[in-house]
Amino acid sequence: MQEDMARSRQELLHLLQSTATEIVEKQFKEISESTVISELGIDSLGMLEIVGSMERQLKIQIPDEMLAGIQTVKDLVDAVEKRQAS
């Protein structure tokens, strides 16, 4: 079943945190869904690297148009969840 492979929001949040830490080379103590990505010091290039890494790890593809409005961690987790479900 497809749903068994989908990760929970908590797992996605943890994956995002570890991926961001690796790419930006900065330790993020706590990232919540309300965190604004730019406030973490992650620019658009860093964001693309994080998304690319998450796509590879989760074996999903997030279309560019889905990334356009992403401002917060919640926006990104929502986009990942939608792609996992499809």
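This write-up is about the structure you can find in this document. (Residues numbered from 1 in each chain as written. Predicted model: local features only at pLDDT ≥ 70, side-chain atom pairs only at ≥ 80, totals over all residues. Heavy atoms only, no water.)

**Here's the deal with the overall build of the chain**
When helices and strands are tallied, the chain shows five helices and zero strands. The order of helices and strands in the chain, counted from the N terminus, is α-α-α-α-α. Computed over C-alpha atoms, the radius of gyration of the chain comes to 12 Å, within 12% of the 12 Å expected from 2.2 N^0.38 for 86 residues, which places it in the range of a compact globule. Taking the principal axes of its C-alpha atoms as reference, the chain extends roughly 35 × 25 × 20 Å. In the chain, which comprises 86 residues, the proportion classed as buried is 40%. Summed over all atoms, the accessible surface of the chain reaches about 5,600 Å², with 49% contributed by carbon and sulfur. Of the side-chain charges in the chain, 9 are positive and 16 negative, and the distance between the mean point of each set is 2 Å. (Helix = DSSP H or I, 4+ residues; strand = E, 2+ residues; numbered from the N terminus. Rg over C-alpha atoms; globule rule 2.2 N^0.38 Å. Buried < 20%, exposed > 50% of the residue type's maximum accessible area, 1.4 Å probe, protein only. Areas by Shrake-Rupley, 256 points an atom, 1.4 Å probe, with all protein chains shown as cover. Lys, Arg positive; Asp, Glu negative; His and termini not counted. Charge placed at Lys NZ, Arg CZ, Asp CG, Glu CD.)

**Let's talk about the packing of helix α2 (residues 9–24) against helix α3 (residues 44–58)**
Interaxial distance between α2 and α3 falls to 10 Å at its minimum, and their mutual angle equals 130°. Between α2 and α3, the interaxial angle falls into the category oblique. In the packing of α2 onto α3, the handedness of the crossing is right-handed. Contact residues: α2 offers L12, L15, L16, T19, A20 and I23, while α3 offers G46, E49, I50, S53, M54, Q57 and L58. Looking at the contact of α2 with α3, its residues break down into eight nonpolar, four polar and one charged. (Axes fitted to C-alpha atoms, helices over the stretch in contact; angles between N-to-C directions. Parallel < 35°, antiparallel > 145°, perpendicular 65-115°, else oblique. Left-handed = near helix turned anticlockwise from the far one by under 90°. Contact = heavy atoms within 4.5 Å. Nonpolar A, V, L, I, M, F, W, Y, C, P; charged D, E, K, R; others polar.)

**Digging into the environment of Q17**
Structurally, Q17 is set in helix α2. Distance from Q17 to A85, taken between C-alpha atoms, is 21 Å for residues 68 residues apart in sequence. Setting aside its immediate chain neighbours within four residues, Q17 contacts F28, K29, E30 and I31.

**Side note on the packing of α3 against helix α5 (residues 73–85)**
Their axes nearest at 12 Å, the elements α3 and α5 cross at an angle of 30°. In terms of their interaxial angle, α3 and α5 are classed as roughly parallel. The interaxial crossing formed by α3 with α5 has right-handed handedness. Contact with α3, carried on its side by M47, V51, M54 and L58, involves L76, V80 and Q84 of α5 and no other residues of that element. Taken together, the residues of the contact of α3 with α5 sort by class into six nonpolar, one polar and no charged.

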